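Per-entry structural report
The primary structure of each chain is shown beneath.
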Amino acid sequence: MTSAKDKPDPTDPNHDLNSIRDIVLGKDSSHVVDAVNRQAREIVRDVVTEALHDREQSDQSVNKILVPLVEKSVEQSVANRSEQMVSALYPLVGSLVRKSVSAFFAEFMQKTNQLIENSFTWRGIKWRYQAWRQGINYAEYITRKTFSFRVEQVLLIHAKTGLLLKSISVEKDAADADLVSAMLTAINDFVSDSFQQEDSAEQQSLSVVKTNDFTLVVKPGPNAILVGAVTGTVPETLNQRFDLALEEVHQIYHKQLLTYEGDNEPFEACDPILRQCLISQLNTTKKTVPWLAFIVMGIASVALIGGLTFRFIQLNKLSLLKNIGNEQGIVLLQANLNGISQFNLKLLRDTHATPITEWLKMHELNIDHVNVQEFPFVSTEPEIINHKIQSVIDRYNAVQFESMSAEFNGQVNLSQYKSMQSQLLAIPGFSLSNYSFDKLLIDTPKPAVNLLETREFNMLVNDINQSWIEFDIEQGQLSTMSKKTLSHVHKKLVRLIDLSIILNIDMRLLIIGISDKSGQSGVNKKLSEQRAFSVKQYLVKNAIKAHYIHALGAGEIDDSDIASNARRAVFSVLLLSDNNKSGFKQ
């Protein structure tokens, strides 16, 4: 049912035109709206790309709207579908890491170069003093002097409530944005209330707040206030940049600003707009060559290289000094570097070893730089024994000593021989059995025989002949007790050999291994041989020459006196000759 108000007035001049419009377009253009709604998808699809491009070229607002949406979408994808995101981004990670590392090192080298340039010059020293006077750190002072201006922090504040909507800064440790916003709002209200003229409707507000460290640029708007903390001199271009940013905020977030009730989430997307205000400009001062830095670094480099070279040389000398311990008759106890150029040596040295001063000169080492602590000791090394033998032989003009073959040759009388022999036996480690006297002749037809030495010789022969070595049942190896008994026989045998040389007696030792009748005869035969050879091996190993000893296995012993304890090795000293000879045989 149509009310009187809705009925068309026939007297209206536009009555016919409105009637035609309603017929063609429909009531309230409903025909057009229905047609557009039916084909809206196709229409938008054909023009959306061109429309977005034209709008972006017009006022760059499309990017500012899309960036927050894309960032939020990526955040949700990472949170909800992390594995798919990792798989998609994996091929790019390596390249991104390399580029990031390269950029980091480039920035690091640039900052290091700038720091060195500002540190080792008169200007750097002056800046350090000024920073100390102002009570700020040197890095912050350099930043102020390096930049003509720099926007450190940008705050977006709601004009009506004074609450902080968004804040961004260059440094992570920037001032508390909420605190700055609250204090700035309070100061702005104070100025507005205190300096408002009665006959003026225009509200007073701050535009610039200056401190010793920075300048606060305040840009008020109808619904929002933009504040920038700037170090340095604020240029006019920066004010224009702030004005444009504030206009964009009002244009894009007009509805949110009017209906703001404390929820800052809608304004998180304005980060790109505010970040455009974080700009800076370096001072265009003429660069100076930091000669002082170059000189200091040059001196330091030369000193470092010189110190390392000197240290390397000293360590090589110390390594060379330690080789002195390889010398015969010298035992190195300690070798170290004392201070810068002095060395300490602590060692044991036989009197017949190479003198330390001579060794140092031989290796071109400065004697004055080596502190030597030398302690005497007696060396039994073959080379030292040969030196001592040679020192004895040098007293007899007609006697020579061949160290390579361990032979004595020449001619002496009996008195000289006995004197030389007693001197040789006094040398620690010397034994007549280890040297040959076959080529040494004695000028006497019948050398006198010492009765005491002959008596001692006969006693030793008798003692050795009455000695034996016990073995365990079915054992051919020496036991601990057997070795102890054999060591006593060994001492007697060494003395017996020395006396045989002195008395010109050619002797040999026969070792006979025996076994009891238990077991098989063939096995007992081998066991007796093994026992004899075990005793011979022990004596040879303890410096008795092998040609003095003969060993054989006698097998089983059919003797009632010893059959009960026949597991032994017995000795028999064989005297091959005791005639006076022109030389000695071993």
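Report follows, based on the coordinates. Since the model is a prediction, treat every value here as computed from it, not as a measurement. Numbering of residues starts from 1 in every chain and runs along the sequence as written. Only residues with pLDDT of at least 70 are given local features in this predicted model, and only at 80 or more are side-chain atom pairs given and counted; all residues enter the totals for whole chains, interfaces and linings. Calculated side-chain values reflect all of the structure's heavy atoms, with hydrogen atoms and water omitted.

1. Here's the deal with the pattern of salt bridges
Let me state the cut-off plainly: Between Lys or Arg on one side and Asp or Glu on the other, a salt bridge is scored when a side-chain nitrogen of the former is within 4 Å of a carboxyl oxygen of the latter. The helix count covers DSSP runs of H or I at least four residues long, the strand count covers runs of E at least two residues long, and both are numbered beginning at the N terminus. Classification of residues uses two cut-offs on accessible area relative to the type maximum, computed with a 1.4 Å probe and protein chains only: under 20% is buried, over 50% is exposed, and between them is partly exposed.
Taken as a whole and judged by the stated rule, the model has 11 salt bridges. A salt bridge links Lys439 to Glu407; the nearest nitrogen and oxygen atoms lie 3.4 Å apart. Of the two residues, Lys439 sits in strand β12 (residues 436-442) while Glu407 sits in strand β11 (residues 407-412), which places them 32 residues apart along the sequence. With its nearest N and O atoms 2.7 Å apart, the salt bridge here joins Asp506 to Arg508. Neither Asp506 nor Arg508 differs from the other in exposure class; each is buried. Residues joined by salt bridges that share partners form a network here, namely Lys166, Glu268, Asp271 and Arg275.

2. Here's the deal with the packing of helix α16 (residues 451-465) against helix α17 (residues 480-502)
Heads up, the rule is: As a rule, the C-alpha atoms of each element are fitted with a line to give its axis, helices using only the stretch in contact, and angles between N-to-C directions run from 0 to 180 degrees. To sort the angles, those under 35 degrees are grouped as roughly parallel, those over 145 as roughly antiparallel, those from 65 to 115 as roughly perpendicular, and the leftovers as oblique. Working rule for handedness: look at the near helix, and if it is turned counterclockwise from the far one by less than a right angle, call the crossing left-handed; if clockwise, right-handed. Every residue pair with non-hydrogen atoms within 4.5 Å of one another is taken to be in contact. Basically, the charged four are Asp, Glu, Lys and Arg, the nonpolar ten are Ala, Val, Leu, Ile, Met, Phe, Trp, Tyr, Cys and Pro, and anything else, Gly included, counts as polar.
Where α16 contacts α17, the axes come no closer than 10 Å and their chain directions differ by 140°. Relative to α17, α16 is oriented oblique. Between α16 and α17 the crossing geometry is left-handed. Across the interface between the two elements, Glu453, Glu456, Phe457, Leu460, Val461, Asp463 and Ile464 from α16 touch Lys492, Leu493, Arg495, Leu496, Leu499, Ser500 and Ile502 from α17. Class assignment of the residues belonging to the contact of α16 with α17 gives a composition of eight nonpolar, one polar and five charged.

3. Some thoughts on the sheet that holds strand β8 (residues 342-349)
This is how it is decided: At least two bridges found by DSSP between two strands is the condition for calling them paired.
The strand order across the open sheet built from three strands is β7-β8-β9, with neighbouring strands paired in mixed fashion. Each having just a single partner strand, β7 (330-338) and β9 (370-376) make up the two edges of the open sheet. The sheet shows a mean angle of 10° between the axes of neighbouring strands, direction not considered. With seven bridges joining them, β8 and β9 adopt parallel strand pairing. Bridge assignment links Leu347 to a residue of β9, and that residue is Glu374.

4. Focus: unusual backbone geometry
In this structure, Ala406 is a non-glycine residue whose phi angle is positive, near 55°. Summarising the element assignment, Ala406 is placed in the loop between β10 (399-402) and β11. Classification of Ala406 as buried rests on a relative accessible area of 18%. For Ala543, which is not glycine, the phi torsion reads 75° and is therefore positive. By the element assignment, Ala543 lies in the loop between α18 (521-541) and β15 (549-556). Relative accessible area serves as the criterion here: at 48%, Ala543 is assigned to the partly exposed category.

5. Some details on the side chain of Thr215
Within the secondary structure, Thr215 sits in strand β4 (residues 215-220). Excluding residues that lie within four positions of it along the chain, Thr215 makes contacts with Val208, Val209, Lys210, Gly228, Ala229, Val230, Gly232 and Val234.

6. A word on the packing of α17 against α18
The angle between the axes and the distance between the axes are what describe a pair of packed helices. One way to put it is that α17 packs onto α18 with a least axis distance of 11 Å and a crossing angle of 55°. As the angle between them shows, α17 and α18 are arranged oblique. Helix-helix and strand crossings are classified by hand; for α17 and α18 the assignment is right-handed. Taken together, the residues of α18 that come into contact with α17 (itself represented by Lys483, Leu486, Ser487, His490 and Leu493) are Val535, Tyr538 and Leu539. Taken together, the residues of the contact of α17 with α18 break down into five nonpolar, two polar and one charged.

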